[in-house]
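What follows is the residue order along each chain.
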Amino acid sequence: MSALATPSTPTAPGGLPLIGHGLQLARNPLPFIDSLRAHGSVVCIRIGPTPAYVVTDPALTRKVLVTDAAHYAKGGKIIDALRVFFGDGLATIADGEAHLRNRRLMQPMFNKAHIAERGDAMIDQVRTLVGAWTEGQPRDVYADMNEVTLAAFLVALFGADLPEHLAGEFTSLMPDIMKGTIRQTILPPWVTRLPLPANRAHAQRVARLRSLIDEAIDHRLSRVTRPQAPGTEAAAAGCPHAAGQERQAGLFDTLLTAEDPLTRQQLQDEAITLLTGAIETTGTTLAWTLCEIARHPQIRRRLLEELDSVCGDRPLRYADLEHLPYARKVLQEAIRKYGPAWLVTRTATRDMDLGGHRIPRGADVVWSPYLHQHDPEVFTDPDAFDPDRWTPETVSAARGSFLAFGDGRRKCIGENFAWAELQIILATVLRTWPVFTPVSSRPPRPQAVVTVKPDALTMTFHQARPAG
Ligand code: HEM
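Residues numbered from 1 in each chain as written. Predicted model: local features only at pLDDT ≥ 70, side-chain atom pairs only at ≥ 80, totals over all residues.

Draft legend 1. View of the site of the ligand. What surrounds the ligand is a group of 25 residues, the closest being G277, T281, G406, C412 and G414. For the shell around the ligand, the secondary-structure elements that each account for two or more residues are α13 (264–295) and α18 (415–432). Considering every element that reaches the shell around the ligand, the biggest residue donor is α13, with seven residues. The residue inventory of the shell around the ligand, partitioned by class, reads 15 nonpolar, seven polar and three charged. Viewed by domain, the shell around the ligand spans two of them, domain 1 (1–86 + 342–403) and domain 2 (87–341 + 404–462), each represented by three or more residues. (Near = placed C-beta within 6 Å. Helix = DSSP H or I, 4+ residues; strand = E, 2+ residues; numbered from the N terminus. Nonpolar A, V, L, I, M, F, W, Y, C, P; charged D, E, K, R; others polar. Domains from an automatic or database assignment.)

Below you can see the structure in the form of structure tokens.
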């Protein structure tokens, strides 16, 4: 047993001098993290020389995220690495007053009524992009889903009239930004500070992203009106737009018209955080969903039947989404099976007792939606893709273990938005291309980077419906 763990805290087997469990985390992250459950409710691993405590019991994860959250601060090496480029956006800012204030300010952006206002503009955007695909042409589904997700998110955030050149440059820049960001979080901090070509290229791309965001903010500022006088109809509706402008509005307007506005730097930090937080999580989930539908013809059939019965021959509308319960189950099952976040960290701000385990002050505490969502005690046959497992009873029994969006004060602020976007894109793809087929007979392998993504997923899309 390692001297780092208390007598009652097991250490994961297989750690090596100097690199600790780094090799398992790099080579086999998902089986490794899943295997820890067998060793106890809190298991010590070492990332290099540094110990980290992985929580495998969902009741203890709840303590970390909710009941004892005051003593487990948002932090750790990944967050420190992200903060270098993304500043103090909502996902990276330290716990405390500033986080609470910004969260209160941003919450209305993502309430259901605001998202609904943007819903039909998002559907139009997704339909245009997906409709432009070519029948039978092999497509990289992971890249496509990230691109469609970004396009829909830009329309929602900055309005449907965002100048085309801005949308185009966002689209070409974001995949490299995401790759560079992942690299920065994996490498030791001192390597990321060296004047290497890859570091310089990443810094330049992030600087370019900030200036694009600046242009997008200026574009919105030229369109929004300042807060309405109290007592007017528009003020009562919380609407920052002149009559007739709603269709072009963006969720970001909420921040631009706040009575206690953010500085330009803070606005940039929030926009960059939202763009990076919103895309890969949702894009990855959609790629896995399409992959599972392609493997299960009966799931595809039920999805198409549900869509036909709700929409008939007319195009999808935002109001249809609440009448597509089976599509929601399919998406929920993809989120459960694939995470998509697999490793999230906190830092103990003082010595803590976590279910009888001593967590020293300053130690990293790790929790994993992927691990909890593969617990066979809660999810029978966890590696199976079974949307029908989501009955009202299992939804309530799984509440403490379905942690894809986190919990407590740092819970995902974009959850409602994510559900809307996931449903819009899935329904639009299915209506436009009812059949999609993997090009390779080898199923994609889950690859844990920031999210759990498919290592390779190429498919062809077809308009002819399957017989029967
Ligand atoms: C399937 C899609 C998504 C998943 C699985 C997901 C997952 C998560 C998780 C697990 C956290 C909590 C991290 C922690 O506890 O430290 C989080 C936080 C966050 N998410 Fe999401 N997310 C998704 C989509 C989105 C979208 C669409 C947006 C933006 C519209 C978004 C914006 C954020 C932000 C800003 C935070 C930080 C909140 C805070 O610290 O107060 N996410 N997300």
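Draft legend 2. Up close: the domain arrangement of the chain. In terms of domain boundaries, the chain breaks down into domain 1 (1–86 + 342–403) and domain 2 (87–341 + 404–462). Placing the centre of domain 1 and that of domain 2 at their C-alpha centroids yields a distance of 27 Å. Listed by partner, the interface residues are 28 residues for domain 1 and 36 residues for domain 2. Going through the elements one at a time, α2 (29–35), α3 (58–67), β3 (72–74), α4 (77–86) and α16 (369–372) are the ones with two or more residues in the side of domain 1 that touches domain 2. Of the residues that constitute the side of domain 1 that touches domain 2, the class distribution is 22 nonpolar, one polar and five charged. (Contact = placed C-beta atoms within 7 Å.)

Draft legend 3. Fine view of the environment of I177. In this structure, I177 sits in helix α8 (residues 164–186). Assessed through the 20 C-beta atoms surrounding it within 10 Å, I177 is described here as buried. Filtering out sequence-adjacent residues up to four positions away, I177 remains in contact with R205, V206 and L209. (Buried ≥ 20, exposed ≤ 12 C-beta atoms within 10 Å, placed from the backbone.)

Draft legend 4. Region of interest: the sheet that holds strand β9 (residues 435–438). Spatial strand order, β4-β12-β9: three strands in an open sheet with antiparallel pairing. What marks the edges here is a single partner per strand, and that holds for β4 (139–140) and β9. Summarising the sheet, β4 and strand β12 (residues 458–462) pair through two bridges and their orientation is antiparallel. Bridging across to β12, R139 finds its partner in M459. (Pairing = 2+ DSSP bridges.)

Draft legend 5. Fine view of the sheet that holds strand β8 (residues 364–367). Taken in spatial order, the five strands of this open sheet run β1-β2-β8-β5-β3, and their pairing is mixed. Both outer strands of the open sheet, β1 (42–47) and β3, are each paired with one neighbouring strand and no more. In this sheet, adjacent strand axes meet at a mean angle of 40° when their direction is disregarded. Both β1 and strand β2 (residues 50–55) contribute to a ladder of six bridges, which runs antiparallel. Across the sheet, C44 pairs through a bridge with Y53, a residue of β2. (Axes fitted to C-alpha atoms, helices over the stretch in contact; angles between N-to-C directions.)

Draft legend 6. Inspection of the packing of α4 against α8 at higher detail. Viewed as axis vectors pointing N to C, α4 and α8 meet at an angle of 135°, and their least axial separation amounts to 8 Å. Looking at the two axes, α4 sits oblique to α8. Remark: the crossing between α4 and α8 carries right-handed chirality. Residues I78, A81, L82 and F85 of α4 form the contact with α8, whose own contacting residues are T181, Q184 and T185. Among the residues making up the contact of α4 with α8, the classes are represented as four nonpolar, three polar and no charged. (Parallel < 35°, antiparallel > 145°, perpendicular 65-115°, else oblique. Left-handed = near helix turned anticlockwise from the far one by under 90°.)

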